[in-house]
Each structure stands twice: as C-alpha cells, then as structure tokens.
Amino acid sequence: VFRRCNDHMKGQILQKWRERIGTGRQVELHDELAITFASFLQVFGLHDFYSPEKIADNVYQILETIPRQLFERSTYMVDPDREVKAKLIEQMRTDLFVIVNQKHDEIGLGQDTDIEPDDLVGHLIVANKTKTGKAPQRLSNMITNVVDDLMTVCLVMDNMVKQMCMIFILLEHEKEIQGKLVEELRAVDINHHDDLQKLVYTEKCILEAMRMAPALLRGTRNYFSKGKGKIGKYDIPINKIRVHHSEYMMQMDPKVWHEPKQFDPERWNGDFTPPPYAYVPFWAGQRGCIGKHLAMMLLKITLSTLCKNFEFNQMFDKEKPPVFDSRFAVMRILNKVSIDVQPVKS
C-alpha cells in the first residue's frame, strides 16, 4: 500500500499539481487537497470509479447533509436539498456495487481459481466473506458491506484534507515551527515505508494539529446497564441512554494539557503519553479507527512530496481568516484557506 501510494503521489498527483500551479498562483488549499486525497482512491482499486474532482465534489455535498449543529435536527430533516443529496449517495452506492461485484468475479472468491487480492477493494471482499458459496443473498449482503466500507473510505478522506489544512492554519503565526517542519520534510527522502519514521518533527506537528483541531469534534455512545449506572462521578438514572462527548474539549482540557491553546509540537517529546482517553483523534478501544495508520501515512507522504516541490505561504483574509467551527460534529472550516503556491527553485 505504501509503495503504491508513494509512487502515485510522486507521479500522477504531483504532475497534476505542477500543471495547475504552473509558475505559481494562489489556491484554495481545501479544494486542491480534496482532489489530491480523492486521487488515492484510484490506488485502492477504484480507478474505474469517478474522477478525483467528481469524488471531491460529491463528498463535499454529502457532508453538507450532516446536521448544521449538534441537536439542530429540525433544519436537517426539512432541508430541501436533502432528497437531492440522498439520490447522490444512492448513485455512488449503485456505481460502487458494480465495481465490487466485478472485482469479486475477477478474484474468483469461493472457486477453485482464487486469485490473491492486490488492492483494498479485493481485501475488503475477502475480509467480509471468505467463502460466499452459491447463495445469491449472502453474496449480495457481502457486496453491500464492502460498498458500505468504501463509502466510509471516500468520506473519511475529507478528514485528512481538513487535518492538513489545519496544520497550515495553525502555523500561520508560528513561522519558526513551520520552517523547521519544512526543513525536515525536504531533508528526508521517502522511498521506503521505514523512511516515514524519520519524520519525527513532522509527526509531532500532525499530532499537535489533531489535538487542537480534530476532524471529528464530538460523538455519541450508547450506555447500557441492568439498573442505575455511573460514568465517572455522574449517576445514570436509566438503563439506556445516549452520552454525548466532545473530543475537542477533552483535548483542550487545561488540567491535562499545559497551555492547551498554544501550538507546541515539543509537548510530544520523548516518551510522553497522554492519560487514557485524553487524546482521541482516532478514538480508542474497540471503537478505535482501524485506518489511523493509513491516515498518518498518507498525511506524511503528501506533506513530504508537496513541500519538496512547492513553497507554501499563507495569504489568509485578515478580516475573514480561516477558522474551524467547533459547534459541528464533523469539523467545518469557515472562510477560504488561501495559500500562495510557488514551485521550489532548485
């Protein structure tokens, strides 16, 4: 996976960046990165799916259907565009179903001519159903499960887009940190997976950005007990309740984090480990994100390749600078992330 993603980033994706940037121009970083991360889906086995530009646009529209703010479900339910966006989701699922079904036939799962899967789509098929037999219903359910997984992959790519945008936003007034970050990214050649471990300062900056501005700002968990329960110091009066929690507040708690509003990569020095559940950008436990290692890999590959080839200078509107709105469950960046991009001169 690393080799394919790294080659794709240094090849086709970088070439598209060079074509769009030319001798230099100002871009809206979120839009550019949305196309970049959508391009990785081609490596995962979706090369016959939509173009990266169309995927990026569809994902943006789909995420707009999420309630505007927590508990504001009334406006969501009567949203006049909701039906249109529901049809968009259904069309994406229909087209993915065709791709997964074709891939299933290609690898011959359940037959004597099984072919080892060579991409994410194939591995998801194997993981969801090792032997499908001849039951059409079981095959249909398996393909539906894989489509669910792929829709999730398409949507969470936007999390990485926002996370990378936040690095540039948070570093606007931290030029010394930004300079040190770029220096490391340009000094380390990424040719093998083990090379990613050399990006020590880069990882600190990513971890700190995810602490201050996690892509998922809040979530919910269902709590069950046979009688009255207790969560921490709080009594739960009934045996079934939905508990809302805020990753953002947990990761900005001054009782845990020294000067939490300060972007400080050095807090991640040495053997520092946050207290349990104090730092959960990928959540934790059984509900932890199984794609966190893939996400970190793609962020490092993308930062490394782009910073080696381009100079990035923040050109934010002083009256309307880009900020993220902490009222939402999924991060939303308000205002344009305007960046001046210039090719690096050898």
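Below, the structure is looked at part by part. (Residues numbered from 1 in each chain as written. Predicted model: local features only at pLDDT ≥ 70, side-chain atom pairs only at ≥ 80, totals over all residues. Heavy atoms only, no water.)

## Looking at the overall build of the protein chain
Helix and strand counts for the protein chain come out as 11 helices and nine strands. Scored against the burial criterion, the 346 residues of the protein chain give a buried share of 46%. Sequence separation of at least 24 residues holds for 69% of the intrachain contacts in the protein chain that already meet a minimum separation of 6. Per element, the accessible surface of the protein chain, about 19,000 Å² overall, is 53% carbon and sulfur. (Helix = DSSP H or I, 4+ residues; strand = E, 2+ residues; numbered from the N terminus. Buried < 20%, exposed > 50% of the residue type's maximum accessible area, 1.4 Å probe, protein only. Contact = heavy atoms within 4.5 Å. Areas by Shrake-Rupley, 256 points an atom, 1.4 Å probe, with all protein chains shown as cover.)

## Concerning the environment of I143
Secondary-structure assignment places I143 in helix α7 (residues 136-170). Along the chain, I143 and H104 lie 39 residues apart, while their C-alpha atoms are 8.4 Å from each other. Once residues lying within four places of it in the same chain are set aside, the contact partners of I143 are F97, V100 and N101.

## Things to note about the sheet that holds strand β6 (residues 310-314)
Taking strand neighbours across the sheet as the criterion, the three strands line up as β1-β9-β6 in an open arrangement whose pairing is antiparallel. Looking at the sheet topology across the chains shown, the edges are occupied by β1 (25-28) and β6. For this sheet, the mean angle separating the axes of adjacent strands, direction not counted, is 35°. Pairing geometry for β1 and strand β9 (residues 338-343), over four bridges, is antiparallel. Residue R25 lies in a different strand from β9, and its bridge partner there is V341. Where helix α1 (residues 2-21) meets the sheet, its contacts fall on β1, β6 and β9, and the angle it forms with β6 comes to roughly 60°. Those strands touched by helix α11 (residues 292-309) are β6 and β9, and its axis lies near 95° from that of β6. (Pairing = 2+ DSSP bridges. Axes fitted to C-alpha atoms, helices over the stretch in contact; angles between N-to-C directions.)

## Examining the packing of helix α9 (residues 200-212) against α11
Here α9 crosses α11 at 120°, and the two axes come no closer than 11 Å. The angle between α9 and α11 falls in the class oblique. With respect to the hand of their crossing, α9 and α11 are arranged in right-handed fashion. Across the interface between the two elements, T202, E203, I206 and M210 from α9 touch M296, L299, K300 and L303 from α11. (Parallel < 35°, antiparallel > 145°, perpendicular 65-115°, else oblique. Left-handed = near helix turned anticlockwise from the far one by under 90°.)

## Some words on the packing of aromatic side chains
Tallied over the full model, the rule gives 13 aromatic pairs. Pairwise contacts between aromatic rings join W17, F168, F310 and F312 into one cluster. A cation over a ring is seen here: R211 above W257, with NZ or CZ 5.4 Å from the ring centre. (Phe/Tyr/Trp six-rings, centres within 6.5 Å; stacked < 30°, edge-to-face > 60°. Lys NZ or Arg CZ within 6 Å of the ring centre and 35° of its normal.)

## Examining the pattern of salt bridges
Following the criterion strictly, the structure yields 14 salt bridges and no others. Here K103 makes a salt bridge to D119, at a shortest N to O gap of 3.0 Å. Within this pair, whereas K103 is found in helix α5 (residues 82-107), its partner D119 is found in the loop between α5 and α6 (120-128), the two being separated by 16 residues in sequence. Judged by its relative accessible area of 9%, D119 is buried. R211 serves as the salt-bridge partner of E208, at 3.0 Å between the closest nitrogen and oxygen. Remark: R211 and E208 occur in helix α9; sequence separation between them is three residues, near one turn of the helix. Of the two residues, E208 and R211, both sit in the buried class. (Salt bridge = Lys/Arg side-chain N within 4 Å of Asp/Glu carboxyl O.)

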